[in-house]
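Residues per chain are reported as follows:
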Amino acid sequence: MLEIAKLIVQALTPAVVGYLGWKVSKRLKDIEQSQWGNRKLTEKRIQIYEKISPLLNRLFCYFAYVGDWQAHSPKAIVATKRELDHEMHINKYLLEPEVFDAYQKFINGLFQLYTGAGNDAKLKTHVMSVDGDRRQSPHFKWETAFKDCFSKGDVLSADEVGRLYDAVMKAQRLGIKA
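All figures in this text were calculated on a predicted structure; none of them were measured in a lab.

Draft legend 1. Structural context of the overall build of the chain. Across its full length, the chain carries four helices and four strands. Going residue by residue from the N terminus, the α and β elements of the chain occur as α-α-α-β-β-β-β-α. Relative to the globule expectation of 16 Å for 178 residues, the C-alpha radius of gyration of the chain, 28 Å, shows a markedly less compact shape. Classification of the 178 residues of the chain by burial places 33% in the buried group. Counting only contacts in the chain whose residues sit at least 6 apart along the sequence, the fraction spanning at least 24 positions is 71%. For the chain, the accessible surface area stands at approximately 11500 Å², while carbon and sulfur atoms represent 57% of it.

So this is what it looks like as structure tokens:
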């Protein structure tokens, strides 16, 4: 009986070792595949962020009266929002939820949305403030119709605009684990 047990153990040992080797190999390949997928997702996120970050910065500059805020007409800022919305909604499920949530808060802080069917979002900023007069831009001619681009509602301070902008940018950085 002992001899039979020894024969069974000797016969099963290569099979067990082979099975364990196969399982370890499969697990390593699964890990490698997962890492490859994560690397590709991170690369895609970086591409998205490279596209949206300058647009986010354009909105920040315009609403905080810093940088090149005078270079953009109200219509150009609405067009920037549209372009950002397009990119963010197309890529929503590739981004970390925190990125999209921070983006929504940023946009809701800067624009009065849903102003009626066929109407553009309105800018929650002043035409004229202590920081500057949007009508006096050296980069474009002010049109009377531009006044209709502005909301009559609450306007965020430059500090609050900066806080919301920073939140989006930080969420992007965390989204690529940088």
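Draft legend 2. Highlighting the packing of aromatic side chains. Counted under the stated rule, the structure contains nine aromatic pairs. Here Phe106 and Tyr165 contribute two aromatic rings whose centre-to-centre distance is 6.2 Å and whose plane-to-plane angle is 50°, an arrangement assigned as tilted. Residue Phe106 is located in helix H3 (residues 97–110), and its partner Tyr165 is located in helix H4 (residues 158–175); the two are separated by 59 residues in the primary sequence. Per residue, the accessibility class of Phe106 equals that of Tyr165, and both read buried. Look at Phe140 and Phe146: their rings are 5.9 Å apart centre to centre, the planes differ by 75°, and that puts the pair in the edge-to-face class. For the pair shown, Phe140 and Phe146 are each scored as buried. Each residue in the set Phe140, Trp142, Phe146 and Phe150 is aromatic and connected to the rest through ring pairs, giving one cluster. Positioned above the aromatic ring of Tyr65 is the side chain of Arg134, whose terminal nitrogen or guanidinium carbon lies 4.0 Å from the ring centre.

Draft legend 3. Highlighting the pattern of salt bridges. Counted under the stated rule, the structure contains eight salt bridges. The partner of Asp120 in a salt bridge is Arg82, and the shortest N-O contact between them spans 2.1 Å. Taken together, the residues Asp120 in the loop between strand S1 (111–112) and strand S2 (122–123) and Arg82 in helix H2 (residues 74–90) connect sequence positions 38 residues apart. The partner of Asp133 in a salt bridge is Arg135, and the shortest N-O contact between them spans 2.9 Å.

Draft legend 4. Quick look at a nonpolar patch on the surface. There is a patch of nonpolar side chains on the surface, built from Met1, Ile4, Ile8 and Leu12 and spanning about 470 Å² of accessible area. If you trace the backbone, Ile8 turns up in helix H1 (residues 2–64).

Draft legend 5. Spotlight on the nonpolar core. Membership of the largest hydrophobic core comes to 36 residues, with the highest contact counts inside it found for Leu56, Leu59, Phe63, Phe106, Phe111 and Leu123. At the level of elements, H1, H2, H3 and H4 are the ones that each hand at least two residues to this core. The biggest single contributor to this core is H1, with 11 residues. For Leu56, the contacting residues outside a window of four places in its chain are Leu84, Tyr103, Phe106, Tyr165, Val168, Met169 and Gln172.

Draft legend 6. Broad picture of H4. Over its 18 residues, H4 runs 26 Å from end to end, which matches the ideal 26 Å to within 8%, given 1.5 Å per residue. When we look at burial in H4, the residues that qualify are Val161, Gly162, Leu164, Tyr165, Val168, Ala171, Gln172 and Gly175. Directly beyond the C-terminal end of H4, a positive phi value near 60° is found at Lys177.

Draft legend 7. Structural context of the packing of H3 against H4. It is at 8 Å that the axes of H3 and H4 come closest, and there the two elements cross at 160°. Classed by the angle they form, the pair H3 and H4 counts as roughly antiparallel. Remark: the crossing between H3 and H4 carries left-handed chirality. Counted together, Glu98, Val99, Ala102, Tyr103, Lys105, Phe106, Gly109 and Leu110 of H3 and Val161, Leu164, Tyr165, Ala167, Val168, Ala171 and Gln172 of H4 form the full contact between these two elements.

Thresholds, definitions, all that
Residues numbered from 1 in each chain as written. Predicted model: local features only at pLDDT ≥ 70, side-chain atom pairs only at ≥ 80, totals over all residues. Heavy atoms only, no water. Helix = DSSP H or I, 4+ residues; strand = E, 2+ residues; numbered from the N terminus. Rg over C-alpha atoms; globule rule 2.2 N^0.38 Å. Buried < 20%, exposed > 50% of the residue type's maximum accessible area, 1.4 Å probe, protein only. Contact = heavy atoms within 4.5 Å. Areas by Shrake-Rupley, 256 points an atom, 1.4 Å probe, with all protein chains shown as cover. Phe/Tyr/Trp six-rings, centres within 6.5 Å; stacked < 30°, edge-to-face > 60°. Lys NZ or Arg CZ within 6 Å of the ring centre and 35° of its normal. Salt bridge = Lys/Arg side-chain N within 4 Å of Asp/Glu carboxyl O. Patch = residues over 30% accessible without salt bridge, like charges linked within 9 Å, V, L, I, M, F, W, Y side chains within 5 Å. Core = buried A, V, L, I, M, F, W, Y, C linked by side-chain atoms within 4.5 Å. Expected span 1.5 Å × (residues − 1). Axes fitted to C-alpha atoms, helices over the stretch in contact; angles between N-to-C directions. Parallel < 35°, antiparallel > 145°, perpendicular 65-115°, else oblique. Left-handed = near helix turned anticlockwise from the far one by under 90°.

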